[in-house]
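Listed below are the residues making up each chain.
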Amino acid sequence: MAMSVAGPSGRGGRRGRKPVMAEINVTPMVDVMLVLLIIFMVAAPLMTSSIDIDLPIASGGKSISSNAPPLTLSVKRTSGSCNSSVDLYLGDAPIAAADLLPKIKAIRETRSDAESVVYLRGDKDVCYTDMMKLLGEIRAANYKANIVIIPEGGS
């Protein structure tokens, strides 16, 4: 009653099959890693500053590219009208207005002449007088100052 499926060589039904390959296919893993690399390359510049400041929009100027991390001073109005309270941040760390000039002078002594630029990021609600006071302090510390804006039609 039993039937034999074996062919003339006696090996059963495996006569036309190739042997099993025991290698790992890394192509899908490389594809996933390249996609993740591109995502991180696009997202990294967006995470440069953690202080939420609403920058004003203006035309003109040019973007500057440098390998060294810039010294950034951020100004955010906390309350009231002009000449009222503002929060200052040197990099991402809060700093008191009285400590600003000695701190940036000390930083200036450790940097080269090529790195003597301070990027001033001011909230669009900060008064002109507050920004001019800060520009004066930056110049007194022997720095060049660049005011950061959002170009028209960009973000």
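Now for a look at the structure at hand. (Residues numbered from 1 in each chain as written. Predicted model: local features only at pLDDT ≥ 70, side-chain atom pairs only at ≥ 80, totals over all residues. Heavy atoms only, no water.)

1. Overview of unusual backbone geometry
Link 1 in the chain: The backbone phi angle of N142 is positive, close to 70°, even though this residue is not glycine.
Link 2 in the chain: Note that N142 resides in the loop between α3 (128-140) and β6 (144-148).
Link 3 in the chain: Residue classification places N142 among the exposed positions, given a relative accessible area of 55%. (Helix = DSSP H or I, 4+ residues; strand = E, 2+ residues; numbered from the N terminus. Buried < 20%, exposed > 50% of the residue type's maximum accessible area, 1.4 Å probe, protein only.)

2. Considerations on helix α2 (residues 97-110)
Link 1 in the chain: What α2 keeps buried is the set L100, I104 and R108. Looking straight down α2, one finds its buried side chains confined to an arc of 55°; they lie on one side. Residues of α2 that are exposed and point over 90 degrees away from its buried face: A98, E109 and T110.
Link 2 in the chain: For α2, the elements touching its buried residues are β2 (71-79), β3 (85-90), β4 (93-95) and α3. (Arc of directions from axis to C-beta. Contact = heavy atoms within 4.5 Å.)

3. Here's the deal with the side chain of R121
Link 1 in the chain: Among the structural elements, R121 can be located in strand β5 (residues 117-122).
Link 2 in the chain: D92 provides the closest opposite charge to the buried, unpaired R121, separated from it by 6.3 Å.
Link 3 in the chain: Polar side-chain contacts of R121 include one of 3.1 Å to the side chain of S74. (Lys, Arg positive; Asp, Glu negative; His and termini not counted. Salt bridge = Lys/Arg side-chain N within 4 Å of Asp/Glu carboxyl O. Polar contact = N/O pair within 3.5 Å; in protein donor to acceptor, adjacent residues only side chain to side chain.)

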